[in-house]
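Chains, contacts and geometry: an overview
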Amino acid sequence: MHVGALKVRVRLYACTGLKAKRSEVKRILARIKARFPVAMAEVGELDKWQVAELGFTCVSNDPTVCERILDQVEDEIEAKADAEVLGGEREISKF
């Protein structure tokens, strides 16, 4: 079993406060949840209203499947959201 984890730091351009940030993060996570088999959460930068850290994880018997899914998640965030991916960390572990 392989576990893939991705932490993405995102700049949210349209947010003017924490309430707007929560709404935008919720929208991004709902869209990802509908399209990809991943678990996700906002994992950092909770008090900054224009930056969010989002965490995603997936499980597969093949590490290349985990890589592909996490690549697609990152591409989806950058392509569809009013956001810029500032950076990310990725790890694939075997259990």
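Shown above is the structure to which this text applies.
Described below are features of the structure shown in this document. Per chain, residues are indexed from 1 in the order of the written sequence. Local features in a predicted model are, by the rule used here, given only for residues with pLDDT of at least 70; side-chain atom pairs are given and counted only at 80 or more, and totals for whole chains, interfaces and linings are based on all residues. The side-chain figures draw on all heavy atoms in the structure; neither hydrogens nor water molecules are used.

**Considerations on the side chain of H2**
Quick reminder of the rule: Secondary structure is summarised from DSSP: a helix means a run of H or I of at least four residues, a strand means a run of E of at least two, and numbering begins at the N terminus for each. Residues adjacent in sequence count toward polar contacts only when both atoms are side-chain atoms; beyond that, a polar contact is any pair of N or O atoms within 3.5 Å, and within protein one must be able to donate a hydrogen and the other to accept it. Two residues qualify as a contact provided that any one of their heavy atoms is within 4.5 Å of a heavy atom in the partner residue.
By the secondary structure assignment, H2 is in strand 1 (residues 2-12). There is a polar contact of 3.5 Å between the side chain of H2 and the backbone oxygen of N61. Look past the residues within four positions of H2 in its chain and what remains in contact with it is C58, V59, S60, N61, D62, P63, C66, I92, S93 and K94.

**Quick look at the sheet that holds strand 4 (residues 83-94)**
Let me state the cut-off plainly: Here, strands pair whenever DSSP counts at least two bridges between them. Angles shown run from 0 to 180 degrees and are taken between the N-to-C directions of axes, each axis being a line fitted to C-alpha atoms and, for helices, limited to the stretch in contact.
Reading across the sheet, the 4 strands line up as 2-3-1-4 and stay open at both edges, with antiparallel pairing between neighbours. If you trace the sheet from one side to the other, it starts and ends with strand 2 (39-44) and strand 4, each paired once. When the angles between neighbouring strand axes are averaged without regard to direction, this sheet yields 20 degrees. As paired strands, strand 1 and strand 3 (residues 51-60) are joined by 10 bridges and run antiparallel to one another.

**Details of the pairing of strand 2**
One ladder, built from 5 bridges, connects strand 2 with strand 3; its direction is antiparallel. Within the sheet, the bridge partner assigned to M40 lies in strand 3 and is F56.

**A word on the nonpolar core**
For clarity, the threshold we go by: Definition of nonpolar core: a set of buried residues of the types Ala, Val, Leu, Ile, Met, Phe, Trp, Tyr and Cys, connected through side-chain atoms within 4.5 Å. Under the scheme applied here, a residue whose accessible area is under 20% of the maximum for its type counts as buried, over 50% as exposed, and between as partly exposed, the area being computed with a 1.4 Å probe on protein chains only.
L12, I32, V38, L54, F56, V73 and I77 are the most contacted members of the largest nonpolar core, which has 22 residues in total. Secondary structure elements with two or more residues in this core: strand 1, helix 1 (18-35), strand 3, helix 2 (63-80) and strand 4. A per-element tally of this core places helix 2 first, with 5 residues. In this view, I77 contacts V10, I28, I32, L54, F56 and V85; residues no more than four positions away in its chain are not counted.

**Looking at the pairing of strand 1**
Note: strand 1 against strand 4, 11 bridges, orientation antiparallel. The partner of G4 across the bridge, within strand 4, is I92.

**A closer look at unusual backbone geometry**
Positive phi, close to 55 degrees, is recorded for E45, a residue that is not glycine. Checked against the element boundaries, E45 lands in the loop between strand 2 and strand 3. With a relative accessible area of 18%, E45 lands in the buried category.

**Here's the deal with the environment of K19**
Positionally, K19 belongs in helix 1. Judged by relative accessible area, K19 falls into the exposed class, the value being 68%. The sequence separation of K19 and E53 amounts to 34 residues, and the corresponding C-alpha distance is 16 Å.

**A few points about a nonpolar patch on the surface**
Filter applied, for reference: Patches here are clusters of residues that have more than 30% relative accessible area and form no salt bridge, with a 9 Å joining cutoff for like charges and a 5 Å cutoff for nonpolar side chains (Val, Leu, Ile, Met, Phe, Trp, Tyr). To measure how exposed things are, a 1.4 Å probe is used in the Shrake-Rupley method; for residues, cover is taken only from the protein chains shown. Any carboxyl oxygen of Asp or Glu within 4 Å of a side-chain nitrogen of Lys or Arg constitutes a salt bridge here.
Together, M1, V59 and F95 make up a nonpolar patch on the protein surface, roughly 370 Å² of accessible area in all. Within the secondary structure, F95 sits in the segment after strand 4. Classification of F95 as exposed rests on a relative accessible area of 68%.

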